[in-house]
Amino acid sequence: MPTIRRMRGFLASSIGVTCAAALALPLALPSADARAATPAAPPAVPPAAEGIPGSTQSLPLAPLASDRSSGPNEREQGLARRDVRPFALVGVVWDDPTDELRGTVQVRTRASGTTTWSGWQSVETHNHEHAADPETLERGTGKVRGATAPLWVGDSDGVEVRVRAEFERHGDHNRTGALLPEGLRLELVDPGDEPPPLGSQTEVPRLTPGMTVEPEAASAVNADLAPMDAAAIPELTKQQTEDELLAARGGPEVAGQARPYIGPRPRIITRKGWGADERIREKDFAYTQTVKAAFVHHSASGNNYRCSQAGSVLRSIYRYHVKSSGWRDFGYNFAIDKCGNIYEGRAGGVAKPVLGAHTLGFNANSTGIAVLGTYSSANPPKAAVTAIARLAAWKLGLHGADPEGTTHLKSGGGNLYKKGTNVRLRVISGHRDGYATECPGKQLYAKLGTARSSAARYQGR
C-alpha cells in the first residue's frame, strides 16, 4: 500500500504525466492539483478476484467440424454451447494486432438464469483501426492484440461462437480461403456491479487503508472543474464558461483579450461516476500538444442497452480495451449514450489534450468521441447528435477550433494516408475520414453536418 508521503509526492509531480508539453497548456484549464441441452462441461474458469469489480473469461477457440460450405478446420473455429460464469459483453481477440480477421464472427448467448438462447448475432470484425498509432509507446508494449469490436449482449451465462474465414473468388470456379489469425480467443466480460452512490462531494476524501493513488490521480486532473471524487462535472452557462477560460488565460483585463468562441461546458459524468476501476489501466497519463479536431465514432457494440446500463457498457468496453486488447486505457476520450449523456473516457483530464487510441494514424492533436451503439443502418437518436455538438463546441473551443472549419493533421500511418502526410480534415470528422472504415456508421456519419452547424452556433459563431 502506498504511503501518504508517496501520494503527496505523486500528486506534486504532475500525476505521473508522460508528456512535458502538456504541463503548460494555455487553454486546457490545468488544475493546481494536477500540476502538483446439457452441453459438455466447460474448462474450469477461475473465480473473479475478490474485491475487484468485473472480470474477464478468456477461452481459446478450437477447430469446428468442417463441411462443404465451411472449408478446412483452420478456416472455421469456435466453441460449442457451454455454461460459463455470468458476463454481458463478448469479443474475439488474437495474437498479432497487425493481422486482420477476414471473415465472420457470430455468437449466440443464453440469458442468465433461463433456458432462452438468442439468435446468432454478428460481431464487427474490423476493429484494428481503433488503436494507438504505429511506433508509439502504447503500440510497442508487446501486450497489444488484434481484436473484434466488443458486442453488448446483456446478462448471460451461456455462450456459443463460430468464426469463419471468408473466401475470395478467382474467375468463375476457383476460390481460395483466407486463414484465420493465430491464437483466437473468446473474451467474456462481466462489468461488475454498479458503483455505490456517492455521499457528499463537498469534502476532499482522504486515503484510507487499501486505497491506491490511482483514483486520486484520476480525480485530481479534473479538480479545477469539480470537487475531488465527484461523480459528474457540472454544466456551466456560456457566460460562466467564457469567464473560466479568460481567467485561465490571464483574465479579461489582459490587453487584446476578446470573448472566446466556446460553447457552454456540458455536464460530463466522470470515470468515478461510471465506475472505472483505475487499477487496471496504465498508471501515468499521456498527452498530445493540442486538440485541432474531433473524430466521431460509434462503438459498434450494438443498440440493445438501456441508458441506465451505460455505465456497465462502459466498464465492459474499458476492460475489453485494457485486459483483452492490451491497450493502456479506454480508447476513446469521451463516450455518449443514446440518451445524450456524456462520459469521461480515457483518464487524464477532460479539459486536457489527452492522447487517445481511437483513430489509427490521427490520435495526435485530436480527441475521440464515441456514441455507444451501432449506427450503420439504425438512426442515431437526436439526443446523441446534440450531445456531440455540445461536447465538441466546448472541447474544441478550449483550443480555438471552429467546428465548421478545416484543419491539418499529420498522419501517423494508416490505410488512407502514409505516415508523415499532412492531411486536410474537417475539424469535426468521422472516423472514416482518416481511415478506410465503416465507422461511425452510415447513419451517424450523415448527421455530422448537423453536429458541425450546431456546435458552431453553441460557440456563438
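Everything quoted here is computed from the prediction, not taken from an experiment. (Residues numbered from 1 in each chain as written. Predicted model: local features only at pLDDT ≥ 70, side-chain atom pairs only at ≥ 80, totals over all residues. Heavy atoms only, no water.)

A. Structural detail: the nonpolar core. Ile336, Trp394 and Leu396 are the most contacted members of the largest nonpolar core, which has 36 residues in total. Elements with a minimum of two residues in this core: strand E13 (293-298), strand E14 (334-336), strand E16 (366-371), helix H7 (382-397) and helix H9 (448-458). If we skip the residues at most four places from it in the chain, Ile336 touches Asn341, Ile342, Tyr343, Ile369, Ala370, Val371, Leu372, Ala384, Ala387, Ile388 and Leu391. If you look at the next biggest cluster of nonpolar residues, it comprises 24 residues, including Leu89, Val93, Tyr332 and Ala335. (Core = buried A, V, L, I, M, F, W, Y, C linked by side-chain atoms within 4.5 Å. Buried < 20%, exposed > 50% of the residue type's maximum accessible area, 1.4 Å probe, protein only. Helix = DSSP H or I, 4+ residues; strand = E, 2+ residues; numbered from the N terminus. Contact = heavy atoms within 4.5 Å.)

B. The arrangement of the packing of H7 against H9 in detail. Relative orientation of the contacting elements H7 and H9 amounts to 45°, with a least axis distance of 8 Å. As judged from the angle between their axes, H7 and H9 are oblique. The element H7 and its partner H9 pack so that their crossing is right-handed. Facing Val385, Thr386, Ile388, Ala389, Arg390 and Ala393 of H7, the residues of H9 in contact are Thr450, Ala451, Ser454, Ala455 and Tyr458. Of the residues that constitute the contact of H7 with H9, the class distribution is seven nonpolar, three polar and one charged. (Axes fitted to C-alpha atoms, helices over the stretch in contact; angles between N-to-C directions. Parallel < 35°, antiparallel > 145°, perpendicular 65-115°, else oblique. Left-handed = near helix turned anticlockwise from the far one by under 90°. Nonpolar A, V, L, I, M, F, W, Y, C, P; charged D, E, K, R; others polar.)

C. How the structure looks around the packing of aromatic side chains. Evaluation of the coordinates by the stated rule reveals five aromatic pairs. On the basis of an interplanar angle of 70° and a centroid distance of 5.9 Å, the ring pair of Phe330 and Tyr332 is categorised as edge-to-face. Site record: aromatic cluster; members linked through ring pairs are Trp274, Tyr318, Phe330 and Tyr332. Over the ring of Trp117 we find Arg81, and its NZ or CZ is 4.4 Å from the ring centre. Sitting above the plane of the Trp120 ring, Arg162 keeps its charged end 3.9 Å from the centroid. (Phe/Tyr/Trp six-rings, centres within 6.5 Å; stacked < 30°, edge-to-face > 60°. Lys NZ or Arg CZ within 6 Å of the ring centre and 35° of its normal.)

D. The environment of Gly430, seen in detail. With respect to the secondary-structure elements, Gly430 resides in strand E19 (residues 428-430). The exposure class assigned to Gly430 is buried, which follows from its relative accessible area of 0%. For Gly430 and Gly441, which are 11 residues apart along the polypeptide, the C-alpha to C-alpha distance reads 9.0 Å. When sequence neighbours within four positions are dropped, the list of residues in contact with Gly430 reads Phe295, Val296, Pro440, Tyr445 and Leu448.

E. Quick peek at a negative patch on the surface. Taken together, the side chains of Asp95, Asp96, Asp99, Glu100 and Glu182 make up a negatively charged region of the molecular surface. Relative to the assigned elements, Asp96 resides in the loop between strand E3 (76-94) and strand E4 (103-111). (Patch = residues over 30% accessible without salt bridge, like charges linked within 9 Å, V, L, I, M, F, W, Y side chains within 5 Å. Areas by Shrake-Rupley, 256 points an atom, 1.4 Å probe, with all protein chains shown as cover. Salt bridge = Lys/Arg side-chain N within 4 Å of Asp/Glu carboxyl O. Lys, Arg positive; Asp, Glu negative; His and termini not counted. Charge placed at Lys NZ, Arg CZ, Asp CG, Glu CD.)

F. The pairing of strand E7 (residues 151-165), seen in detail. Summarising burial for E7: 12 of the 15 residues are buried, a large majority. Where E3 and E7 come together, nine bridges link them in antiparallel fashion. The residue of E7 that forms the bridge with Val90 is Leu151. Across nine bridges, E4 lies against E7 in antiparallel orientation. From the neighbouring strand, Ala111 faces E7, where its bridge partner is Ser156. (Pairing = 2+ DSSP bridges.)

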